[in-house]
Amino acid sequence: MSWPPPSALFLIPSIASLLVLTIITAAQCSTIGADYMSQLLDIQDRERAPPAVQVAAVRGVLDRLLPSQSASFEFRIVPKEQCGGKLCFMIQNHPAFSGPETPQILILGVTGVEIAAGLHWYLKHWCNAHISWDKTGGTQLYSVPKVGELPRVRKGGVLIRRPVPWNYYQNAVTSSYTFAWWDWARWEKEIDWMALQGINLPLAFTGQEAIWQKVFQNLNISTSDLNDFFGGPAFLAWSRMGNLHGWGGPLPQSWLDQQLSLQKRILARMHELGMTPVLPAFSGNVPAALKNIFPSAKITRLGNWFTVGSDLRWCCTYLLDAKDPLFLKIGKAFIEQQLKEYGRTGHIYNCDTFDENTPPDDDPRFISSLGASIFEGMKSGDNNAVWLMQGWLFSYDPFWQPPQMKALLHSVPIGRLVVLDLFAEARSIWRTSEQFYGVPYIWCMLHNFAGNIEMYGVLDAVSAGPVEARTSENSTMVGVGMSMEGIEQNPIVYDLMSEMAFRHEKVDLQTWVNHYSVRRYGKRIPNIQDAWEILYHTLYNCTDGSYDKNRDVIVAFPDADPTLISAQLDMPGRRDPTSKSRRELLEYKTDSFDRPHLWYPTAEVVRALELFITGTDELSESNTFSYDVVDLTRQALAKYSNQLFLKVIEAYASLDVQQVTHLSQKFLNLVYEMDMLLSCHDGFLLGSWLESSKQLAVNEQQKIQYEWNARTQITMWFDNTEEEASLLRDYGNKYWSGLLRDYYGPRAAIYFKYLIESLSTGNDFRLTDWRRDWIKLTNDWQSGHNLYSVKSSGSALNTSRWLYDKYLRI
């Protein structure tokens, strides 16, 4: 029997939270959810910043983006009724235009975000401009005509209505993989980018540790207790979710104060633009000391999350039972403390209970009571609270079968819970869960894991997926979103996904990609357009259903006995792995070669690279082009290096020490030359990550701690012993100049040294010694303080041509 049955009791909330008990069918859930979303939007409309404030905020975006055209645009806020009750923007030729000193284009919108999105829409589709992150090439605004000569739109203007009200942004872990070291200058740029993309529902997680400190101190939790509770600056996302505690800490008071101050600036700007920041809520994750202070409270210890040997120094966090009276008290206090600090809220709160942690009981009644209690904690602090939950747990953990899913989703009044279909472009849940069993959801593109650098995308799914979900029968979709774990990569993917917030139909991708290259570089070049046609059908058309987690050999070197790798790949082995003793097989059972994901013909991508570097000297000064040519060359060489590594293993299996020596050196040369390639663009520099971490420190001790955090996250990631590597090693790997030269290259050299020694002596590969040397290299590098450049050097195009000729030309 399912839980609850198809016709069930639901609580339907009025906006004043006068709950009416009624019986509804699953089909009616869509209407109820939409009705509540409409009421919520009405509340937010009434609480939004005054029109003059929003217009001024958009004016600031324009002045920072394109100051020369500041006088060319006029912005106005209009009531939603003027857009048929929808969120929209309108672009018109300004009736008062009479020359360069007067505004030429009038953009109207329901909120500041709508106006900013309208500005971007005009620059993009009428001026062929392109706006991306600085690290991926930044803006291309050369194509914008000079003042007084902007293109006119059609008579009567252009009206763009959102098909769904919400455009969500961020993942709970983006705050660590990308935002960990950001200052206000970088955040201001990101909020500008969000507004231009039309994002109106951003996650706002910065500074919450300072809020938790005040809440827990009121419960007599000491500073030393919190030192063990919070993770370090680069690992806060996972301590917030209850995956770990203490790792990389403790957090200095200066960090807590600094981040809280930063959050207030972030929220103020978001509100000025008319956004609805999503604040965190209490999920039950508590400090260990709470057990001593409240001995009768029902607090359980969760299981191990990726530590080596279940190390209690970092793992097995404490969870307060949602049904315990203390849960409601803490949940209410946390919401109220945020309201006290920030002065306002958008009424939407994120809470991800049991994120990659399995609940202790699969009884639907238990799950239902847990969900209801979590929501009650939010609602007790904000009567209009709406719970926003990542749907990752439903695809990650087989625990969540239909009865358990329904129990959690239906534990909250319909419309008061919104689920992020977090990975909808590859593994959508709305299709297999009857539209989340009637609960409102947001169709999200996850796309990137851990901020890895890999040219990858599913453009067809991005174009079609949101439209199919929204127009499906009994759809409960209320928004679209981008939920990547790390940003500043694959700009084409995010350019398209941002448009889907305003698209009512699928995009004609052949035409769109053709125009993308013109916007990206500011001119039409046939070779480049042909290259992008290839890239669209290869790198950006992954159809095998697998998500992409970069495991290229360079950045995720195999921790495995070469004999087992050759056996796994059906190579002629020098020794039969089945001849090993049972003890040896058990010892090696965790060893594996996680073969890199390859979903396209590499020859096609090499052909695209050839088109990029042939006859395109006119783009050699273009920052967007330089980024793309470095990234595409890196992509092609990375796949070549994977094949080169397999040739090393094949030579080892054939007992050919001379060939192993030759190919190993070729591999190492390639790594160092790729490092040189990456140094040619600011978007691929290790130094930027490390220096930004140190700039937030207020003393030398903090510099050391923060730099260790930054170095550790991108290498070993989590704990290790002298002979056992972290279970999350290389999870946050990066193709960054400096990292290849000083870490990935030396690591590969150690492995190859032991390969050659094994062949030379006739002994087995010394796996334990390899691990010991590799881990020592890692520990030493993580604790190092050598400096890396924060400015690019060298010609991206010339270096790409040289490497193409050396390694890829057939």
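What you are looking at is a predicted structure, and each value in this text was computed from that prediction instead of being measured.

Let's talk about the state of the cysteines
Counted according to the given criterion, the structure contains two disulfides. The disulfide that involves Cys83 links it to Cys88, with 1.7 Å between the sulfurs. The residues Cys83 and Cys88 share a single accessibility class, namely buried. Here Cys315 connects covalently by a disulfide to Cys316, the sulfurs 2.4 Å from one another. The S-S bond linking Cys315 to Cys316 shows a torsion near -65 degrees; that makes this disulfide left-handed.

Description of unusual backbone geometry
That bond from Gly249 to Pro250 is cis: its omega, 0 degrees, falls within 30 degrees of zero. Relative to the elements of secondary structure, Pro250 occurs in the loop between helix H8 (236-240) and helix H9 (253-272). Positive phi, normally seen in glycine, also occurs at His347, with a value near 75 degrees. By secondary structure assignment, the location of His347 is in the loop between helix H11 (325-342) and strand S15 (348-350). For Glu434, which is not glycine, the phi torsion reads 55 degrees and is therefore positive. As for its placement among the helices and strands, Glu434 is situated in helix H16 (residues 434-437). Residue classification places Glu434 among the exposed residues on the basis of a relative accessible area of 56%.

Some details on the confidence of the model for the protein
Taken as a whole, the protein shows an average pLDDT of 92; of its residues, 93% reach a score of 70 or greater. A low-confidence stretch, residues 1-23 (pLDDT under 50), is modelled with 54 contacts involving residues beyond four sequence positions or located in other chains. Taken as a whole, residues 573-590 scores under 50 in pLDDT and shows 25 contacts with residues more than four places along the chain or in a different chain.

Some details on empty space enclosed by the protein
One simple way to see leftover space: roll a probe sized like a water molecule over the atoms. Enumeration according to the criterion identifies eleven cavities of 30 Å³ or more in this entry. In this structure, the largest cavity encloses a volume near 240 Å³. Every residue lining the largest cavity is counted, 18 residues in all, and those nearest its centre are Gln208, Arg240, Met241, Ala281 and Ser283. Elements that contribute at least two residues to the lining of the largest cavity include exactly helix H6 (208-217) and H8. It is H6 that contributes the most residues to the lining of the largest cavity, three residues altogether. Its residues assigned to classes, the lining of the largest cavity comprises ten nonpolar, five polar and three charged.

Some words on the nonpolar core
Among the nonpolar cores identified, the biggest contains 275 residues, and Ile330, Phe394, Phe612, Phe645 and Phe667 are the most heavily contacted of them. Take this core: its biggest share by element is 15 residues, from helix H24 (residues 623-653). Phe394 has contacts with Met389, Trp400, Met405, Leu408, Leu409, Val419, Ile429 and Phe436, leaving out every residue within four places of it along the chain.

Observations concerning the UniProt feature "domain: Alpha-N-acetylglucosaminidase N-terminal" (unreviewed entry) in the protein
When the UniProt feature table is mapped onto this chain, "domain: Alpha-N-acetylglucosaminidase N-terminal" (unreviewed entry) is found at residues 56-151. Within residues 56-151, the helical portion is 26% and the strand portion 21%, while the C-alpha atoms at the span's ends are 24 Å from each other.

Definitions and cut-offs
- Residues numbered from 1 in each chain as written.
- Predicted model: local features only at pLDDT ≥ 70, side-chain atom pairs only at ≥ 80, totals over all residues.
- Heavy atoms only, no water.
- Disulfide = S-S within 2.5 Å.
- Buried < 20%, exposed > 50% of the residue type's maximum accessible area, 1.4 Å probe, protein only.
- Helix = DSSP H or I, 4+ residues; strand = E, 2+ residues; numbered from the N terminus.
- pLDDT = per-residue confidence, 0-100.
- Contact = heavy atoms within 4.5 Å.
- 1 Å grid on protein atoms, 1.4 Å probe; cavity = no way out; pocket = protein on both sides within 12 Å on 5 of 7 lines; lining within 4 Å.
- Points joined across faces, edges and corners; volume = space filled by probe spheres on them.
- Nonpolar A, V, L, I, M, F, W, Y, C, P; charged D, E, K, R; others polar.
- Core = buried A, V, L, I, M, F, W, Y, C linked by side-chain atoms within 4.5 Å.
- UniProt positions renumbered as here; feature names shortened; annotations may be inferred.

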